[in-house]
Amino acid sequence: MVSERTLMLIHYLTGIGILIAGAIHIGTVFLTAPVEENLQFSNSPFAVINVYRNAILAASLEALLIMVAFHGFNGLRVILLELHQSPRWERAVNWVLTVIALVVIIYGTRTILIAHLIAQG
Amino acid sequence: MEKQGEVIFKVFRYDPSRDREGRFQTYKVPLVKGLTVLDALIYIKENLDPTLSMRYSCRMASCGSCGMTINGLPRLACYTQVRELNSKVVVVEPLANFPKLRDLATDFDGFFAKHRAMKPYLIRQDREEQENPRDQYRQSDEELLQYLQFAYCIKCGLCYAACPVAATDKEFPGPQALAQLYRYYADSRDQAEGERLEIVDNSHGIWRCHFAASCSYVCPKGVDPALAIQLLRKALLFGGKR
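Here the residue index of a chain counts from 1 through its sequence in written order. Starting at A for chains and at 1 for ligands, labels are handed out in the order in which the entities are written. It should be noted that, the model being predicted, local features are given only for residues of pLDDT at least 70 and side-chain atom pairs only at 80 or more, the latter also being counted only at that level, while totals for whole chains, interfaces and linings use all residues.

## Brief notes about the overall build of chain A
Right, on to step 1. Helix and strand assignments follow DSSP, with helices taken as H or I runs no shorter than four residues and strands as E runs no shorter than two, numbered in order from the N terminus. Scanning chain A from N- to C-terminus turns up five helices and zero strands.
Right, on to step 2. Sequence-ordered secondary structure for chain A, helices as α and strands as β, is α-α-α-α-α.
Right, on to step 3. A compact globule built from 121 residues would reach a C-alpha radius of gyration of about 14 Å, whereas chain A, at 18 Å, exceeds it by more than 25%.
Right, on to step 4. The C-alpha extent of chain A, read off along each of the three principal axes, is 55 × 30 × 20 Å.
Right, on to step 5. Our exposure labels follow a C-beta count within 10 Å of each residue's own C-beta, placed from the backbone: buried means 20 or more other C-beta atoms, exposed means 12 or fewer, and partly exposed covers the counts in between. When each of the 121 residues of chain A is scored for burial, the buried share is 9%.
Right, on to step 6. Any two residues are considered in contact once their C-beta atoms, placed from the backbone, lie within 7 Å. Considering only contacts within chain A whose residues lie at least 6 apart along the sequence, 73% involve residues at least 24 apart. Computation of the radius of gyration draws on C-alpha atoms alone. For the globule rule, the value is 2.2 Å times the number of residues to the power 0.38.

## Concerning the overall build of chain B
Right, on to step 1. What chain B contains, in helices and strands, is 10 helices and seven strands.
Right, on to step 2. Expressed as a percentage of its 242 residues, the buried residues of chain B come to 39%.
Right, on to step 3. In chain B, 67% of the contacts between residues at least 6 apart in sequence involve partners at least 24 apart.

## Some words on the confidence of the model for chain B
As a general rule, the predicted coordinates of low-pLDDT regions are not to be interpreted in detail.
Right, on to step 1. Along the chain, pLDDT gives the predictor's confidence residue by residue, from 0 to 100. On average, residues of chain B score 95 in pLDDT, and 98% of them are at 70 or above.
Right, on to step 2. As scored by the predictor, the complex reaches a pTM of 0.89 and an ipTM of 0.80.

## Remarks on the sheet that holds strand E3 (residues 67-70) of chain B
The strands making up a sheet associate through backbone hydrogen bonding, with each pair oriented either parallel or antiparallel.
All names here are of chain B.
Right, on to step 1. Pairing between two strands is assigned when DSSP locates at least 2 bridges connecting them. The strand order across the open sheet built from five strands is E2-E1-E5-E3-E4, with neighbouring strands paired in mixed fashion. Of all the strands in the sheet, the pair left with one neighbour each is strand E2 (23-32) and strand E4 (73-76). For this sheet, the mean angle separating the axes of adjacent strands, direction not counted, is 35°.
Right, on to step 2. Relative to strand E5 (residues 89-93), strand E1 (residues 3-13) runs parallel, the two sharing four bridges. Bridge pairing in E5 links Ile8 to Val89.
Right, on to step 3. Each of E1, E2, E3 and E5 is contacted by helix H1 (residues 37-48), which is oriented at about 105° to E2, the strand it contacts most. Orientation is described by lines fitted to C-alpha atoms, with helices fitted over the stretch in contact, and by angles between N-to-C directions that extend from 0 to 180 degrees.

## Re the interface of chain B and chain A
Right, on to step 1. The interface of chain B with chain A comprises 14 residues on the first partner and 10 residues on the second.
Right, on to step 2. Those elements that provide at least two residues to the side of chain B that touches chain A are helix H6 (164-168) and helix H10 (225-238) of chain B.
Right, on to step 3. Gly falls in the polar group here, along with every residue not listed as nonpolar (Ala, Val, Leu, Ile, Met, Phe, Trp, Tyr, Cys, Pro) or charged (Asp, Glu, Lys, Arg). Taken together, the residues of the side of chain B that touches chain A break down into four nonpolar, five polar and five charged.

## Here we look at the pairing of E3(B)
Residue and element names in this part refer to chain B.
Right, on to step 1. Side chains Gly67 and Thr69 of E3 all project onto a buried face; the interleaved residues Met68 and Ile70 project onto the opposite face, where all are buried too.
Right, on to step 2. Relative to E4, E3 is paired through four bridges, and the arrangement is antiparallel. From the neighbouring strand, Met68 faces E4, where its bridge partner is Arg75.
Right, on to step 3. The turn joining E3 and E4, which pair antiparallel and follow one another in sequence, is formed by two residues; a positive phi near 45° is taken by Asn71.
Right, on to step 4. Where E3 meets E5, two bridges bridge the pair, whose relative direction is antiparallel.

## Structural notes on the nonpolar core
Residue and element names in this part refer to chain B.
Right, on to step 1. A set of buried residues drawn from Ala, Val, Leu, Ile, Met, Phe, Trp, Tyr and Cys, joined through C-beta atoms within 7 Å, is what defines a nonpolar core. Residues Leu178 and Leu232 are the most contacted members of the largest nonpolar core, which totals 63 residues.
Right, on to step 2. How far each domain reaches was decided by an automatic or database domain assignment. Residue contributions to this core reach at least three from each of two domains, namely domain 1 (3-106) and domain 2 (109-238).
Right, on to step 3. Residue contacts for Leu178: discarding those within four places in its chain leaves Pro173, Val200, Ile206, Pro225, Ala228, Ile229 and Leu232.

## Thoughts on the domain arrangement of chain B
Residue and element names in this part refer to chain B.
Right, on to step 1. Assigned domains of chain B: these are domain 1 (3-106) and domain 2 (109-238).
Right, on to step 2. Using only C-alpha atoms to locate each centre, domain 1 and domain 2 end up separated by 30 Å.
Right, on to step 3. If you look at the interface, domain 1 gives 15 residues, while domain 2 gives 14 residues.
Right, on to step 4. Elements with a minimum of two residues in the side of domain 1 that touches domain 2: E3 and E4.
Right, on to step 5. Its residues assigned to classes, the side of domain 1 that touches domain 2 comprises nine nonpolar, five polar and one charged.

## Topic: helix H5 (residues 87-120) of chain A
Right, on to step 1. Helix length check: H5(A) (34 residues) gives 49 Å between terminal C-alpha atoms against 50 Å at 1.5 Å per residue, within 8%.
Right, on to step 2. Directly beyond the C-terminal end of H5(A), a positive phi value near 85° is found at A:Gly121. What a helix should span is 1.5 Å times the count of its residues minus one.

## Quick notes on the environment of B:Val200
All names here are of chain B.
Right, on to step 1. Along the chain, the position of Val200 falls in helix H8 (residues 193-200).
Right, on to step 2. Linking Val200 and Met118, residues 82 residues apart in sequence, is a C-alpha distance of 8.4 Å.
Right, on to step 3. Once you skip the residues sitting within four places of it in the chain, Val200 turns out to touch Pro173, Leu178, Leu181, Gly205, Ile206 and Leu232.

## Structural notes on the environment of A:Pro34
Right, on to step 1. With respect to the element layout, A:Pro34 can be found in the loop between helix H1 (4-31) and helix H2 (35-43).
Right, on to step 2. C-alpha of A:Pro34 to C-alpha of A:Ile66: the two residues are 32 residues apart in sequence and 30 Å apart in space.

## As for unusual backbone geometry
The general pattern is negative phi for most residues beyond glycine and trans for most peptide bonds.
All names here are of chain B.
Right, on to step 1. The backbone phi angle of Ala61 is positive, close to 55°, even though this residue is not glycine.
Right, on to step 2. Along the chain, Ala61 turns up in the loop between H1 and E3.
Right, on to step 3. Judged by the 17 C-beta atoms lying within 10 Å of it, Ala61 falls in the partly exposed class.
Right, on to step 4. Even without glycine at this site, Lys119 takes up a positive phi of about 55°.
Right, on to step 5. Structurally, the position occupied by Lys119 is in the loop between helix H2 (109-117) and helix H3 (127-131).

Structure (structure tokens):
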């Protein structure tokens, strides 16, 4: 059983990680080329899939997926624990949200892997 | 005392033997210089309605008995001048987040139980010393300043009434208890830092604070419970005594 201290430490670290990832993303969109050009790039599905060719980029998207899933579902857990208090409710919330988070991470990982393999040709 | 007009008091009334819900009753109180909300409530009880129930004692912001919601904010009635409210109507209600007993009196049993759960006393590792201390414990000025402001707490419950987390999570210890935990944690004479931190490192403990800081805003004694909570979190995350 992971302690609340550890969960919240990861929560804070993933929050900072998401913030940094968001800053890098916005910086990339606005600073690497004229915005219109970057938006056109995003609108092209082949170009997007091409991003996954680079293993480091694909891995960073995987890391972002895990960070967002953990941070989001842990935040939801905190909200639900504050709304109602009982050991049974707490157990149910913990289990249900852990399973949903894992499903989201597994499905997202599958998508990233497929995109990476397609991009590799 | 020279009368300077009248103030309308809308006072929350609730009798559990009769009412399912509370209601407001209006009284007119003569305004005199220096009139506090507690003075006005005592005037109502002595002259207009002897059935009004409230809790008070020292009348000088020392005992923490007369906490109530005055014009929407938790305040001490004895410490709140009617003039400073700058309003012709003063609305007085019981403290939020506390079970209502009758009229303005609320039940503090749960609040004090949370306070007691923090072990608000010095703990020494030597059991014999704990029960029969042989000597005084010396402390420098710097060591005293580590916790002094938190020792000013009078357990009036205003911070607990203002806390948005205490409103929804009934197991959350609340700012008063957490500030008291830090008060003993930071005391150089105490030897139970690990034991104290364990008390609040759980799913309804210190991590549930959202740092609204309303506790620190309403404290009539200048205690900063929000700071204590952040310092406790720092101790839990990064370790290190004081």
